[in-house]
Amino acid sequence: MAIKVAKWISYIILLIALIFITFLIYVTVTDYKPAEEISLTVNNQSGNMLRANEPFTMTTFNIGYAGLDKEQDFFLDGGKMSKSSSKEQTLINLEAITSFIEDKKSDIYLLQEVDTDSSRSNHINQIDHISKKLPDYSYTYGVNYKVPWVPVPILDPMGSANSGILTLSKYTIEQSTRFALAGKEDWPRQLFDLDRAFTENRIPIDNGKELILIHLHLSAYDEGGKVRKQQLQYLSQYLANEIQKENYLILGGDWNHVIPGTDPYLFETTEEWPEWLQEFPETFKPEGFQWVADRQVPTSRTTQYPFREGVNFLAVIDGFLVSPNIEVINVSGDYLGYENSDHNPVTGEFILK
């Protein structure tokens, strides 16, 4: 009897192993491998011209796929959850985020973690939802997460992932390109990780120059920040080429680094500095460029636990880096209490000199 039981256990283990190997082969074969540069479609093209010497506003906001509200934790940060708590809650979060965007009335929006058809956000097309509420904005979308099935956590897997970064502009976007960032996790983890990228959106100016708007979302949870180092090196090379053309440059989004000039220890917490949170190398910022962030308003929280004031570790990791030919009029964070996302938005007001 014991021998038969042992055989059946062996068969079950073998079957599970075969299923897992088959799954790895399938995910490897179907792995999303975008080219280094991909031309993106500019949807709902606006005819408005951005003018030099006139102020305009830009808001960056990681919306956390409308699933990381204040009652959520996240498994990669030490929590247990991998998706929104329910479709109803996803819609509540999405409506609140969209209402904020409508009321803010910024000229340009940089939104990260915008899902189109993901298990974690109940397959709601968030681009469709947001763009319909902002009919006067052009928009482009760069995919950075496309996996048929993420099998972790084992007891509650994340499932399918289709997500990216959404840029909305009241001004004409002449050309938009997705650039794949350097750096990859080791196999097989890379199969289930994001394919990090930035989008380059070229906005013509009335003086004949261009605003080169770089929308980015760098890696997190890469051990020791090794992938992020490669991403920053790639960005540095890109910037070195663009700086020579004397256009206007704004880089904005979720950097997953502490923005220089800000200090996480200004914010009350009972947690230690998280391992995933990195600081920028001193050599990254080009000469004359300026960091733009509100040091008084944290933009991110840890997600090891649901949000509780004074408990979660807070930091400013969302903001902008601008070229010397751009004047910064103002920058302000909106403290939304992490009610509907694990980030707070930040808005800059600029003038192209």
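Quick note: structure is the one above.
This report concerns the structure included in the present document. This is a predicted model, so every value here is computed, not measured.

### Considerations on the sheet that holds strand 4 (residues 138-150)
Across a sheet, strands are paired by hydrogen bonds formed along the backbone, either parallel or antiparallel in direction.
Phase 1 of the analysis: Taken together, six strands build an open sheet; the order of strands is 4-5-3-2-17-16 and the sheet is mixed. Single-partner strands in this sheet number two, and they are strand 4 and strand 16 (326-333). Adjacent strand axes in the sheet meet at a mean angle of 15 degrees, parallel and antiparallel pairs treated alike.
Phase 2 of the analysis: Bridging between strand 16 and strand 17 (residues 346-352) involves seven bridges; their strand directions are antiparallel. When the sheet's bridge partners are listed, Ile326 is paired in strand 17 with Leu352.
Phase 3 of the analysis: The strands touched by helix 3 (residues 126-133) within the sheet are strand 3 (108-115), strand 4 and strand 5 (159-169), with strand 3 carrying the most contacts at an inclination of about 155 degrees.

### Topic: helix 4 (residues 226-243)
Phase 1 of the analysis: Taking 1.5 Å per residue as the helical rise, helix 4 with its 18 residues ought to reach 26 Å, and the 26 Å between its terminal C-alpha atoms agrees with that figure.
Phase 2 of the analysis: Taken residue by residue, helix 4 has Val227, Arg228, Gln231, Leu232, Tyr234, Leu235, Tyr238, Leu239 and Glu242 as its buried positions. Here the buried residues of helix 4 occupy an arc of 160 degrees about the axis, which is enough to place them on one side. Facing away from the buried side of helix 4 by more than 90 degrees, the exposed set consists of Gln233 and Gln237.
Phase 3 of the analysis: Looking at the packing, one finds that the buried side of helix 4 touches strand 6 (175-180), strand 7 (197-204), strand 8 (210-217), strand 9 (248-254), strand 10 (257-258) and strand 11 (278-279).

### Some thoughts on a nonpolar patch on the surface
Phase 1 of the analysis: On the surface, Val152, Ile154 and Leu155 cluster together into a nonpolar patch covering about 370 Å² of accessible area.
Phase 2 of the analysis: Among the secondary structure elements, Val152 is positioned in the loop between strand 4 and strand 5.
Phase 3 of the analysis: A relative accessible area of 35% means that Val152 is categorised as partly exposed.

### Looking at the pattern of salt bridges
Phase 1 of the analysis: For the coordinates displayed, the defined rule picks out 14 salt bridges.
Phase 2 of the analysis: The salt bridge partner of Arg308 is Glu71, with a shortest N-O separation of 3.4 Å. Taken together, the positions of Arg308 in the loop between strand 13 (300-301) and strand 14 (314-315) and Glu71 in the loop between strand 2 (56-62) and helix 2 (87-104) put the pair 237 residues apart, joining distant regions of the chain.
Phase 3 of the analysis: Of the charged contacts, one joins Lys133 and Glu95 as a salt bridge, the two residues approaching to 3.4 Å between their closest N and O atoms. One end of the pair, Lys133, is in helix 3; the other, Glu95, is in helix 2, and 38 residues separate them in sequence.

### Thoughts on the sheet that holds strand 9
Phase 1 of the analysis: Within the open sheet, the seven strands sit side by side as 1-6-7-8-9-15-12. Their pairing is mixed. Edge positions in the open sheet fall to strand 1 (37-39) and strand 12 (290-292), since each of these has one partner strand only. Taking each pair of neighbouring strands and ignoring which way they run, the sheet shows an average axis angle of 20 degrees.
Phase 2 of the analysis: Of the strand pairs in this sheet, strand 6 and strand 7 are connected by six bridges, and their pairing is antiparallel. Within the sheet, the bridge partner assigned to Ser176 lies in strand 7 and is Asn201.
Phase 3 of the analysis: On the sheet, helix 4 packs against strand 6, strand 7, strand 8 and strand 9 and is oriented at approximately 15 degrees with respect to strand 7.

### Regarding unusual backbone geometry
Phase 1 of the analysis: A cis amide bond links Val152 to the next residue, Pro153, at an omega of -5 degrees.
Phase 2 of the analysis: Structurally, Pro153 can be placed in the loop between strand 4 and strand 5.
Phase 3 of the analysis: If you check the backbone angles, Asn44 has positive phi at about 55 degrees while not being a glycine.
Phase 4 of the analysis: In this fold, Asn44 is placed in the loop between strand 1 and strand 2.
Phase 5 of the analysis: A relative accessible area of 42% places Asn44 in the partly exposed class.
Phase 6 of the analysis: Phi is positive for Asn122, which is not a glycine, with a value near 60 degrees.
Phase 7 of the analysis: Mapped onto the secondary structure, Asn122 falls in the loop between strand 3 and helix 3.

### Overview of the side chain of Asp222
Phase 1 of the analysis: On the secondary structure map, Asp222 appears in the loop between strand 8 and helix 4.
Phase 2 of the analysis: With residues up to four places along the chain from it excluded, the contact list for Asp222 reads Glu185, Val227 and Arg228.

### Quick look at the nonpolar core
Phase 1 of the analysis: Within the largest apolar cluster, 26 residues are counted, with the highest numbers of intra-cluster contacts made by Phe198, Leu216, Leu235, Leu251, Trp255 and Phe284.
Phase 2 of the analysis: Contributions of two or more residues to this core are made by strand 8, helix 4 and strand 9.
Phase 3 of the analysis: No other element matches the five residues that helix 4 contributes to this core.
Phase 4 of the analysis: Setting aside residues up to four positions removed in sequence, Leu251 forms contacts with Ile214, Leu216, Leu235, Leu239, Phe289, Gly319, Phe320 and Leu321.

### Quick word on the packing of aromatic side chains
Phase 1 of the analysis: Taken as a whole and assessed by the stated rule, the structure comprises 23 aromatic pairs.
Phase 2 of the analysis: Chaining the aromatic ring pairs together yields one cluster made of Phe56, Tyr171, Phe320 and Phe350.
Phase 3 of the analysis: The ring of Tyr248 has Lys209 lying over it, and the distance from NZ or CZ to the ring centre is 5.7 Å.

Rules and cut-offs
Residues numbered from 1 in each chain as written. Predicted model: local features only at pLDDT ≥ 70, side-chain atom pairs only at ≥ 80, totals over all residues. Heavy atoms only, no water. Pairing = 2+ DSSP bridges. Helix = DSSP H or I, 4+ residues; strand = E, 2+ residues; numbered from the N terminus. Axes fitted to C-alpha atoms, helices over the stretch in contact; angles between N-to-C directions. Contact = heavy atoms within 4.5 Å. Expected span 1.5 Å × (residues − 1). Buried < 20%, exposed > 50% of the residue type's maximum accessible area, 1.4 Å probe, protein only. Arc of directions from axis to C-beta. Patch = residues over 30% accessible without salt bridge, like charges linked within 9 Å, V, L, I, M, F, W, Y side chains within 5 Å. Areas by Shrake-Rupley, 256 points an atom, 1.4 Å probe, with all protein chains shown as cover. Salt bridge = Lys/Arg side-chain N within 4 Å of Asp/Glu carboxyl O. Core = buried A, V, L, I, M, F, W, Y, C linked by side-chain atoms within 4.5 Å. Phe/Tyr/Trp six-rings, centres within 6.5 Å; stacked < 30°, edge-to-face > 60°. Lys NZ or Arg CZ within 6 Å of the ring centre and 35° of its normal.

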